[in-house]
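Per-entry structural report
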Amino acid sequence: MSVSLRDRAGPWTLEDLAELGDDGQGYEIVDGLLLVSPPEMLFNTRLAHRLAQQLARQAPVPLEVLHELYVRLGTDARRPDVAVLRGDAPVTRHQLGVEAQHVVLIVEVVSPSSRKTDRFFKPVEYAAAGVPAYWRVETEPEVVVHVYRLVGDRYEQVQEVRGAESVEVPFPMLLDVPALVPPTVSG
C-alpha cells in the first residue's frame, strides 16, 4: 500500500517517503512535518554537481561523494545538496537514507528559498548529529564556500574560499571555486 500526501496523518517518517516514490519533489522531514522544497535553480544544481565532482576526484578511499540522498538526524531527515560518506556506511537495496554518523561532510548550496535554513537551522541540526564538517556555498553576489569544522557541539568557520585554495576539512584537497561556477548569461 502506498502513502499519499493527502491521506497521511500523524508524523512523517523516512519510511513514509520511501512509499511515496520519486515524484520529483524535494522533501525533508523536521519534527514529523513534511517540508517540500521548490525546484532547485539550474545554476545551483550545476554548481553542486561540479563541487561533487571535485570532492570525488580528491576524496581518500574509502570515502564516497553522493548527492540527493537523505541524511537521518534522529527522526528527522534532511536532503543536502552534497554529502561525503564513510565507505563502510551500511546499505540495503531499499534504504532511502543514511544515518548521520556515517557522514563526514555535508554541503548546502544556498538558494533564495533556503537562506535561513542553510545558514541557521541546518548547521545546528548537523552539528547536533555529530557531522564533522559542514560547507555552506553562497551564490550571491559571488560564489563563496564557507568551510566549517565541528568543535564540541557546534561548527566553527575555518576558511572562506573564493579562489583556488587548499582546504583541510574534512580532508586535504584543492578547492577551485571559480571552476564550480557554470557559464551564465546575464541574469
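Coordinates for the structure precede this section.
The structure reproduced in this document is the subject of the present report. Bear in mind that the values here come from a model prediction, so they are computed numbers and not experimental data.

Quick look at the sheet that holds strand E3 (residues 64-66) now. A sheet is described by the order of its strands in space; here six strands give the open sequence E3-E6-E8-E9-E10-E11, paired in mixed fashion. Taken across any chain shown, the strands that pair with only one partner, and hence form the sheet edges, are E3 and strand E11 (154-161). Here the average twist between neighbouring strands, direction ignored, is 20 degrees. Note: strand E8 (residues 103-109) against strand E9 (residues 133-138), five bridges, orientation parallel. Note on E9: the bridge partner recorded for Val109 is Val137. The sheet strands contacting helix H2 (residues 42-58) are E3, strand E6 (82-85), E8 and E9, and the helix crosses E8 at an angle near 155 degrees. On the sheet, helix H3 (residues 115-128) packs against E8, E9, strand E10 (144-151) and E11 and is oriented at approximately 165 degrees with respect to E9.

With 17 residues, H2 extends 25 Å between its outermost C-alpha atoms, agreeing within 8% with the 24 Å of an ideal straight helix rising 1.5 Å per residue. When H2 is considered as a whole, its buried residues turn out to be Asn44, Leu47, Ala48, Leu51, Ala52, Gln54 and Leu55. Buried residues along H2 cover an arc of 160 degrees about the axis, so they all sit on one side. Residues Leu42 and Arg57 are exposed on H2 and point more than 90 degrees away from its buried face.

Our focus in this paragraph is unusual backbone geometry. For the bond running from Glu140 to Pro141, omega is 0 degrees, close enough to zero to count as cis. Here Pro141 lies in the loop between E9 and E10. The amide bond that connects Val169 to the next residue, Pro170, takes the cis arrangement and shows omega of 5 degrees. Structurally, the position occupied by Pro170 is in the loop between strand E12 (164-167) and strand E13 (173-176).

Turning our eyes to something else, we now look at the side chain of Arg136. Residue placement: Arg136 occurs in strand E9. Within the structure, the side chain of Arg136 is placed 2.7 Å from the side chain of Tyr148, a separation counted as a polar contact. When neighbours within four sequence positions are excluded, Arg136 is seen to be in contact with Glu108, Val110, Asp118, Arg119, Val144, Val145, His146 and Tyr148.

This part takes up the packing of aromatic side chains. Taken as a whole and judged by the stated rule, the model has three aromatic pairs. In this structure an aromatic cluster arises from ring pairing among Tyr126, Tyr134, Tyr148 and Tyr155.

Right, let's get into the environment of Gln157. Structurally, the position occupied by Gln157 is in strand E11. Sequence separation of Gln157 and Phe43 is 114 residues, and the distance between their C-alpha atoms is 25 Å. With near-sequence residues (within four places) excluded, Gln157 lies in contact with His146, Val147 and Tyr148. A polar atom in the side chain of Gln157 sits 3.3 Å from the side chain of His146.

Let us now look at the environment of Gln54. Note on placement: Gln54 falls in helix H2. As a C-alpha pair, Gln54 and Val65 span 11 residues in sequence and 9.6 Å in three-dimensional space. Setting aside anything within four residues of it in sequence, one finds Gln54 in contact with Met173, Leu174, Leu175, Asp176, Ala179 and Leu180. A distance of 2.9 Å separates a polar side-chain atom of Gln54 from the backbone oxygen of Asp176.

Conventions and cut-offs
- Residues numbered from 1 in each chain as written.
- Predicted model: local features only at pLDDT ≥ 70, side-chain atom pairs only at ≥ 80, totals over all residues.
- Heavy atoms only, no water.
- Pairing = 2+ DSSP bridges.
- Helix = DSSP H or I, 4+ residues; strand = E, 2+ residues; numbered from the N terminus.
- Axes fitted to C-alpha atoms, helices over the stretch in contact; angles between N-to-C directions.
- Contact = heavy atoms within 4.5 Å.
- Expected span 1.5 Å × (residues − 1).
- Buried < 20%, exposed > 50% of the residue type's maximum accessible area, 1.4 Å probe, protein only.
- Arc of directions from axis to C-beta.
- Polar contact = N/O pair within 3.5 Å; in protein donor to acceptor, adjacent residues only side chain to side chain.
- Phe/Tyr/Trp six-rings, centres within 6.5 Å; stacked < 30°, edge-to-face > 60°.

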